[in-house]
Amino acid sequence: MEIDLQQLSRTMAYALRHQPANFGLTLDDEGWVSVDALVSALRQHRTGWKHLQVSDIEHVIALPGKKRYELRTGRIRAYYGHSLQQRMQRETAVPPARLFHGTTPAAYERICQSGLLPMGRQYVHLSEDRETALQVARRRTSQPVILVVAALEAYQDGVQFYLGNESVWLADAIPPIYLTRQ
Ligand code: HQG
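The structure presented is a predicted model; accordingly, all values stated were derived computationally and were not measured.

**With respect to the domain arrangement of the protein chain**
Taken domain by domain, the protein chain holds domain 1 (5–78) and domain 2 (98–181). For the pairing of domain 1 and domain 2, the buried interface totals around 270 Å² over both sides, and the portion due to carbon and sulfur atoms is 38%. At the surface where domain 1 touches domain 2, the tally comes to 0 salt bridges. Between domain 1 and domain 2 we count 1 residue pair in polar contact (both at pLDDT 80 or more) in total. Here the side of domain 1 that touches domain 2 is built from residues that sort into no nonpolar, 1 polar and 3 charged.

In structure tokens form, the structure reads like this:
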């Protein structure tokens, strides 16, 4: 049976970002799990996935668009997006001068008061470019609000930044003084 790669990707996100225990998986401190363990868990998850192969996972990773999963030497992890309680250790890094965050008008009102907070995830998610931030906001609203984050300044004042993938940065809470609406 043909595997629906979008559906597989969504289920991988669920397993690698949110509910590994529901798949009988344990992630290490950096979010890694063996690809073989993930494949066996996914085979049991859906009848049509009984014969799932590592190559199906590789096809998901090769899909155009967002780079959500990192596959390295027999292990796999989500680059970002985690919500599980166990905090995933990410590599800290010096951010560029400016990063972007796309959000909704309603959230913007709250963000002006309390700054950017991780909310349901472990980290605040930021984009390297404005266009990506626009796409992030459009998941939720037809009236995107784009914030420019004075990332380097925040970093120099002690806010930690972490590598996500090549266009997504992660950070701890960012106070409103570093945010400008564009
Ligand atoms: C908002 C997707 C109220 C924040 C995307 C956002 C991204 C606040 C929402 C990745 C707030 C959290 C993450 C505050 C922030 N008060 N609302 N103080 N601070 N918010 O989904 O950044 O397709 O957890 O603006 O592309 O939207 O899943 O974060 O609207 O890269 O791979 O709270 O998820 O990638 O929402 O998206 P999210 P996000 P995938």
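From this point, the narrative continues.
**Considering the packing of helix α1 (residues 5–18) against helix α3 (residues 54–62)**
For any two helices packed against each other, the geometry comes down to the angle between their axes and how far apart the axes lie. The N-to-C vectors of α1 and α3 enclose an angle of 95 degrees; their axes lie 10 Å apart at closest approach. Classed by the angle they form, the pair α1 and α3 counts as roughly perpendicular. Along the contact surface, α1 presents Leu 5, Leu 8, Ser 9 and Met 12, while α3 presents Asp 56, Ile 57, His 59 and Val 60. Class assignment for the residues of the contact of α1 with α3 results in 5 nonpolar, 2 polar and 1 charged.

**Topic: the packing of aromatic side chains**
What the rule picks out here adds up to 2 aromatic pairs. An angle of 75 degrees between the planes, with centres 5.9 Å apart, marks the rings of Tyr 14 and Phe 23 as edge-to-face. A relative accessible area of 36% places Tyr 14 in the partly exposed class. What makes Phe 23 buried here is its relative accessible area of 10%. Judged by centre distance (4.8 Å) and plane angle (55 degrees), the rings of Tyr 123 and Tyr 162 are tilted. Placement of Tyr 123 in the loop between α4 (105–114) and β5 (124–127) and of Tyr 162 in strand β7 (residues 161–163) is noted, with a sequence separation of 39 residues between them. You'll find Tyr 123 and Tyr 162 in the same group, each marked buried. Sitting over the face of the ring of Trp 49, Arg 46 holds its NZ or CZ atom 5.2 Å from the ring centroid. Over the ring of Tyr 108 we find Arg 181; its NZ or CZ atom is 4.8 Å from the centre of that ring.

**With respect to the pattern of salt bridges**
Oppositely charged side chains can pair when the atoms bearing their charge come close. According to the stated counting rule, one finds 4 salt bridges in the structure shown. As a salt-bridge pair, Asp 28 and Arg 75 come within 3.5 Å of each other at their nearest N and O atoms. Of this pair, Asp 28 sits in the loop between α1 and β1 (33–34) while Arg 75 sits in strand β3 (residues 75–78), and the two are 47 residues apart along the sequence. Given the relative accessible area of 29%, Asp 28 is considered partly exposed. Owing to a relative accessible area of 31%, Arg 75 belongs among the partly exposed residues under this scheme. With its nearest N and O atoms 2.6 Å apart, the salt bridge here joins Arg 72 to Glu 70. Relative accessible area serves as the criterion here: at 10%, Glu 70 is assigned to the buried category.

**Remarks on the environment of Pro 96**
Among the secondary structure elements, Pro 96 is positioned in the loop between β3 and β4 (98–103). Between the alpha carbons of Pro 96 and Val 54 there is a distance of 36 Å; along the sequence they are 42 residues apart. Beyond its immediate sequence surroundings of up to four residues, Pro 96 is in contact with Glu 128, Ala 151, Leu 152 and Trp 169.

Parameters at a glance
Within each chain, residue numbers correspond to sequence positions counted from 1 in written order. Only residues with pLDDT of 70 or above have their local features reported here, since the model is predicted, and side-chain atom pairs are shown and tallied only from 80 upward, although totals for entire chains, interfaces and linings are computed over all residues. Derived side-chain values reflect all non-hydrogen atoms in the structure, with water molecules and hydrogen atoms excluded from consideration. An automatic or database domain assignment is the source of the domain bounds shown. Accessible area, probed at 1.4 Å, shrinks when two parts are joined; the buried area is that loss added up over both. For this document, the term salt bridge refers to a Lys or Arg side-chain nitrogen within 4 Å of an Asp or Glu carboxyl oxygen. In the analysis that follows, any N or O atom pair within 3.5 Å is treated as a polar contact, provided that within protein one partner can donate a hydrogen and the other can accept it, and provided that, for residues neighboring in sequence, both atoms belong to side chains. Residues are grouped as follows: Ala, Val, Leu, Ile, Met, Phe, Trp, Tyr, Cys and Pro are nonpolar; Asp, Glu, Lys and Arg are charged; every other residue, Gly included, is polar. Each axis is a line fitted through C-alpha atoms, taken for helices only over the stretch in contact, and angles between the N-to-C directions span 0 to 180 degrees. Numbering goes from the N terminus for both helices and strands, where a helix is a DSSP run of H or I of at least four residues and a strand is a run of E of at least two. Roughly parallel refers to an angle under 35 degrees, roughly antiparallel to one over 145, roughly perpendicular to one between 65 and 115, and oblique to any angle outside these ranges. Contact between two residues is taken to exist if any of their heavy atoms lie within 4.5 Å; hydrogens are not considered. Pairing of aromatic rings covers Phe, Tyr and the six-membered ring of Trp, with a centre-to-centre limit of 6.5 Å; geometry is then stacked below 30 degrees between planes, edge-to-face above 60, and tilted otherwise. Between buried and exposed lies partly exposed: a residue is buried under 20% and exposed over 50% of the maximum accessible area for its type, with that area taken using a 1.4 Å probe on protein chains only. Two limits define a charge over a ring: the Lys NZ or Arg CZ must be within 6 Å of the ring centre, and within 35 degrees of the ring normal.

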